[in-house]
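Residue-level structural notes
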Amino acid sequence: MGQLLKPIADTSIFDLRLSRRGFRLNKMCASLCTPENREAFKRDEQGYMTRFALSAEEQALIRKRDFQGLIDAGMNIYFMIKIGSVTGNGLYKMGAQMRGESYEEFLATRNIRGAT
Amino acid sequence: MGRVVGGIGLSHVPSIGPVVDRGRTQEPAWKPLFDAYVPVREWLAELKPDVAIVVYNDHGADFAFDKYPTFALGVAERYAIGDEGYGTRPLPEVAGDVELSTHLAEALIYEHEFDLTLCQELAVEHGFLVPMNLCFPHGANGWPVRAIPLEVNVVQHPLPTARRCYRLGQALRAAIESYPGNSRVVVLGTGGMSHQLQGKRFGFMNEKFDQWFLDQLERDPEALAELSHQKIMEQAGAEAVELIMWLTMRGAVSPRARRVHRNYYAPMTTGMGLISFEG
């Protein structure tokens, strides 16, 4: 068993345990891959979350747009991008928040900030 | 018989898609990336491949964690353009090659004992489409090559090891060579290079690691295949583990294949690498 994973600082490793924890969250995100469902989410976010049986804690993380909290709760980053899409938060905005920076501060750390 | 005429390792960063769709490829921030593909496209036009096998990972467009295959092969006549949460790109659907897919499934499962999941319906997304965009200009009605998706779990650990991905590439080469039809095949290994998209380390890149990976991929892929997921994630970011799919491409070309192109550009959050091999 040479591949068992050790924690890495400031990094989430999406393994089966985390995936189990975030199963409902990721299932909801996956449903956002149709225009109709994205509209339904935007129209009634609370109702949409209830449909997917999210816990009160999970719902609060989405309401707060707490992206690091969602990652810690087992939402996979590629599935979180779909929540970003329906809430007006692109990847770099979510990333800046996870780094504890403003969007402008984050862009200033990039090599070629026009490549967006 | 079938023949592997070339292999390409390349990144599949999603932001490249809209840049292609909106005609922004010559903007200063993007030109260095697209310029690197001008000679690649010329080379491909000379190689005249019939089929591209694209080793990629889905990002929640058509695979979700209720059932998540380790390796999945497309065996369909055509592949729809997927919606991964922000709309369907205006691209023609991708023609597959059912005969070759069927042969690959039989050869890989019976002869080489890679127990693939077989997909008769599969919508493809940026992991597959961005590399296709970079290598093959599409027209209104289609693409210049048929294509076969080979999907790898690089998202939900436990992932296949780098060595297993390399061995899959070697098996793929043997399977292509035992195909009775006359097919010229290129294999695209996609993803990476260094990047991390979550946590405080969001935006982490490591050009030194990426250049070392490109060196090793050319010179000593057997040694590179011993890389652990842990080391890739520590050195190059958690999402850089996609790089194991480049080893499938490397296994599918000859150990003595000639390296033809190489490029590296890291503008925002991902080291966008390119390397090609002939023979």
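Overview of the structure. Within each chain, residues carry numbers counting from 1 in the order of the written sequence. Chains and ligands are labelled by the order in which they are written, letters from A for the one and numbers from 1 for the other. Thresholds applied to this predicted model are a pLDDT of at least 70 for local features of residues and 80 or more for the giving and counting of side-chain atom pairs; totals over whole chains, interfaces and linings are not thresholded and use all residues.

**Considering the overall build of chain A**
Definition in use: A run of H or I in DSSP counts as a helix once it spans at least four residues, and a run of E counts as a strand once it spans at least two, with each numbered from the N terminus. Buried residues are those with 20 or more other C-beta atoms within 10 Å of their own C-beta, exposed residues have 12 or fewer, and partly exposed residues lie in between; C-beta atoms are placed from the backbone. Think of it this way: build a C-beta for each residue from its backbone, and any pair within 7 Å is a contact.
Across its full length, chain A carries 9 helices and 0 strands. Counted from the first residue to the last, chain A has its helices and strands arranged as α-α-α-α-α-α-α-α-α. Expressed as lengths along the three principal axes of its C-alpha atoms, the size of chain A is roughly 45 × 40 × 25 Å. Looking at the 116 residues of chain A, the share that counts as buried comes to 34%. Taking contacts inside chain A between residues at least 6 apart in sequence as the whole, the part at least 24 apart equals 57%.

**What about the overall build of chain B?**
The cut-off we apply is this: Throughout, radius of gyration means the C-alpha value; the globule benchmark is 2.2 Å times the number of residues raised to the power 0.38.
Secondary structure assignment for chain B yields 10 helices and 11 strands. In summary, chain B has a C-alpha radius of gyration of 17 Å against a globular reference of 19 Å for 279 residues, a match within 12%. Summarising its shape, the C-alpha atoms of chain B cover approximately 50 × 45 × 40 Å along the three principal directions. Buried residues in chain B amount to 54% of all 279 residues. Once local pairs closer than 6 in sequence are excluded, the contacts in chain B between residues at least 24 apart make up 82%.

**Digging into the interface of chain B and chain A**
Accessible area lost during the coming together of the parts is what is often quoted as the interface size. Rules: Amino acids outside the nonpolar list (Ala, Val, Leu, Ile, Met, Phe, Trp, Tyr, Cys, Pro) and the charged list (Asp, Glu, Lys, Arg) are all regarded as polar, and Gly is one of them.
Each partner contributes to the interface: chain B provides 35 residues, whereas chain A provides 41 residues. Partitioning the side of chain B that touches chain A into residue classes produces 16 nonpolar, 14 polar and 5 charged.

**Let's talk about the nonpolar core**
Using the following cut-off: Residues of type Ala, Val, Leu, Ile, Met, Phe, Trp, Tyr and Cys that are buried and joined through C-beta atoms within 7 Å form what is called a nonpolar core.
Core analysis: the biggest nonpolar cluster contains 120 residues, and M80 of chain A together with I53, V54, V55, V187 and L188 of chain B have the highest contact counts within it. With 8 residues, helix α6 (residues 162-177) of chain B is the largest single contributor of residues to this core.

**Some words on unusual backbone geometry**
The step from H157 of chain B to P158 of chain B runs through a cis peptide bond, and the omega angle for that step is 10°. Tracing the chain through its elements places P158 of chain B in the loop between β8 (146-152) and α6. Cis geometry is found at the peptide bond from G192 of chain B to M193 of chain B, where omega equals 0°. The phi dihedral of D10 of chain A falls on the positive side, at around 60°, and the residue is not glycine.

**What to know about helix α8 (residues 91-99) of chain A**
Within α8 of chain A the residues assigned to the buried category are L91, Y92, M94, G95, A96 and M98 of chain A. Where α8 of chain A is buried, its residues meet α6 (67-72), α7 (77-87) and α9 (103-107) of chain A.

**A short note on the sheet that holds strand β3 (residues 71-74) of chain B**
All names here are of chain B. This is how the line gets drawn: Pairs of strands are assigned from DSSP output, requiring at least two bridges between the strands. To define axes, lines are fitted to C-alpha atoms, for helices over the stretch in contact only, and angles between the resulting N-to-C directions are given on a 0 to 180 degree scale.
Strand order in the open sheet formed by 8 strands is β6-β3-β8-β2-β9-β1-β11-β10, and the pairing between neighbours is mixed. Pairing within the sheet leaves two strands with one partner each, and these edge strands are β6 (117-119) and β10 (258-265). Direction aside, neighbouring strands of the sheet carry axes that sit 20° apart on average. Here 6 bridges tie β10 to strand β11 (residues 272-278), and the two strands are oriented antiparallel to one another. Looking at β11, one finds that Y264 is bridged to G273. Packing of helix α5 (residues 126-135) onto the sheet brings it into contact with β1 (3-10), β2 (51-56), β8 and β9 (184-190), and relative to β2 it is tilted by some 135°.

**A few points about the environment of V86 of chain A**
Residues and elements named next belong to chain A. Turning to its location among the elements, V86 is positioned in helix α7. For the pair V86 and S31, spaced 55 residues apart in the sequence, the C-alpha separation amounts to 12 Å. In this structure, V86 is in contact with L32, R38, F41 and K42, ignoring residues within four places of it in sequence.

**Some words on the sheet that holds strand β7 (residues 123-124) of chain B**
Residue and element names in this part refer to chain B. Pairing within the open sheet is mixed, and its 3 strands lie in the order β5-β4-β7. In the strand order of this sheet, the two ends are held by β5 (94-95) and β7, each with one partner. Sheet topology places strand β4 (residues 78-81) next to β5; 2 bridges connect them, and they run antiparallel. By the bridge assignment for β5, R78 is matched with A95.

**Things to note about α7 of chain A**
Residues and elements named next belong to chain A. When you tally the buried positions in α7, you get 9 out of 11 residues, the bulk of the element. By the burial criterion, the buried members of α7 are I77, Y78, F79, M80, I81, K82, I83, G84 and S85. In this fold, the buried residues of α7 make contact with α2 (23-31), α5 (56-63), α6 and α8. Positive backbone phi, at 75°, marks G88, one or two positions downstream of α7.

**Comments concerning the environment of I112 of chain A**
Within the secondary structure layout, I112 of chain A lies in the segment after α9. When the C-alpha positions of I112 of chain A and D66 of chain A are compared, they lie 27 Å apart, and in sequence the two are 46 residues distant.

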